[in-house]
Amino acid sequence: MVPSTDLVPKDLVMPLLTIKSEGEVEIEVRRSRFLCAVARVTDDAEAQAFLARRRALHPSARHNCSAWIAGGQEKGYDDGEPSGTAGAPMLQVLRRRELTETVAVVTRYFGGIMLGAGGLIRAYGSAVTEAVDTVGVVELRPMLVLTVDVDHAHAGRLENDLRGLGHEVRDIRYGVEVAIDVCVPEPDRERFTARLTDLTGGRASARETGRTFVEVDAPRNTS
């Protein structure tokens, strides 16, 4: 789930990091099972809804602990575990990985052996780390959506040139002229406009029509 384009701040030019997809892993620590599920969310309400679904899936579990960073909020809940042994270490993993728009829920089935505060902190943190490593991380790069207007005679070649330069072409519409929607990083807007003039001999123009995110695989974090 990519954040709504309506929520892209106009001054946001740095990438955001989030998980690549929803997923789940299980680890075992001294007979206790820790099932960590992660998902993308955009706000507190979506995080709470995901937590509710996980609780419904595991009604007999002793604990369903959670942490999320989304919509400018950070939350962590111990759900009956000793204070600071579950939600806090889970949240710390999300912070350390610099993730946003992400929720993690760790469901614990008690195995009969007490782990102690240190053991719980390590187990809950490890479960989230394993889940994030398994699903992977992506950069959400904020982009301008520029609509390029060009005559039909030059549209096909311009489309190929734009793709060849590495720009994402989101849509093409045919009317009196051809309108090509292209994603461009905001710092590159002037350079793009100049390049567009060179490519078309001044026959094309570009106008801002929106903002969005483009997903790019992030380098694997080994910390």
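Just above, that's the structure.
Residues numbered from 1 in each chain as written. Predicted model: local features only at pLDDT ≥ 70, side-chain atom pairs only at ≥ 80, totals over all residues. Heavy atoms only, no water.

### As for the overall build of the chain
- Helix and strand counts for the chain come out as 5 helices and 10 strands.
- For 223 residues, the compact-globule formula gives about 17 Å, and the C-alpha radius of gyration of the chain, at 23 Å, lies well above that figure.
- Here the chain holds 223 residues, and the buried ones make up 47% of them.
- The contacts in the chain between residues at least 6 apart in sequence include a share of 73% that link residues at least 24 apart.
- Accessible surface for the chain amounts to roughly 11,300 Å². Of this, 49% is attributable to carbon and sulfur atoms.
- Of the charged side chains in the chain, 28 are positive and 33 negative, and the gap between their average positions amounts to 6 Å. (Helix = DSSP H or I, 4+ residues; strand = E, 2+ residues; numbered from the N terminus. Rg over C-alpha atoms; globule rule 2.2 N^0.38 Å. Buried < 20%, exposed > 50% of the residue type's maximum accessible area, 1.4 Å probe, protein only. Contact = heavy atoms within 4.5 Å. Areas by Shrake-Rupley, 256 points an atom, 1.4 Å probe, with all protein chains shown as cover. Lys, Arg positive; Asp, Glu negative; His and termini not counted. Charge placed at Lys NZ, Arg CZ, Asp CG, Glu CD.)

### Comments concerning the pattern of salt bridges
- By the definition in use, this model includes 18 salt bridges.
- Taking the shortest distance from any N to any O, the salt bridge between Glu24 and Arg54 comes out at 3.3 Å. Of this pair, Glu24 sits in strand 2 (residues 23-29) while Arg54 is found in helix 1 (residues 44-57), placing the two residues 30 residues apart along the sequence.
- You can call Glu24 partly exposed: its relative accessible area is 43%.
- Because the salt bridges share partners, they merge into one network encompassing Glu186, Arg189, Glu208 and Arg211. (Salt bridge = Lys/Arg side-chain N within 4 Å of Asp/Glu carboxyl O.)

### Some words on unusual backbone geometry
- Positive phi, close to 45 degrees, is recorded for Asp79, a residue that is not glycine.
- Along the chain, Asp79 falls in the loop between strand 5 (73-77) and helix 2 (87-96).
- Given a relative accessible area of 30%, Asp79 falls into the partly exposed group.
- Phi at Glu101 is positive, roughly 55 degrees, even though this residue is not glycine.
- Position of Glu101 relative to the elements: it lies in the loop between helix 2 and strand 6 (102-109).

### Regarding the state of the cysteines
- Summed over the entire model, instances satisfying the criterion amount to 0 disulfides.
- No disulfide involves Cys36; its sulfur sits 11 Å from that of Cys65, the nearest cysteine.
- By relative accessible area, Cys65 is classed as buried at 0%. (Disulfide = S-S within 2.5 Å.)

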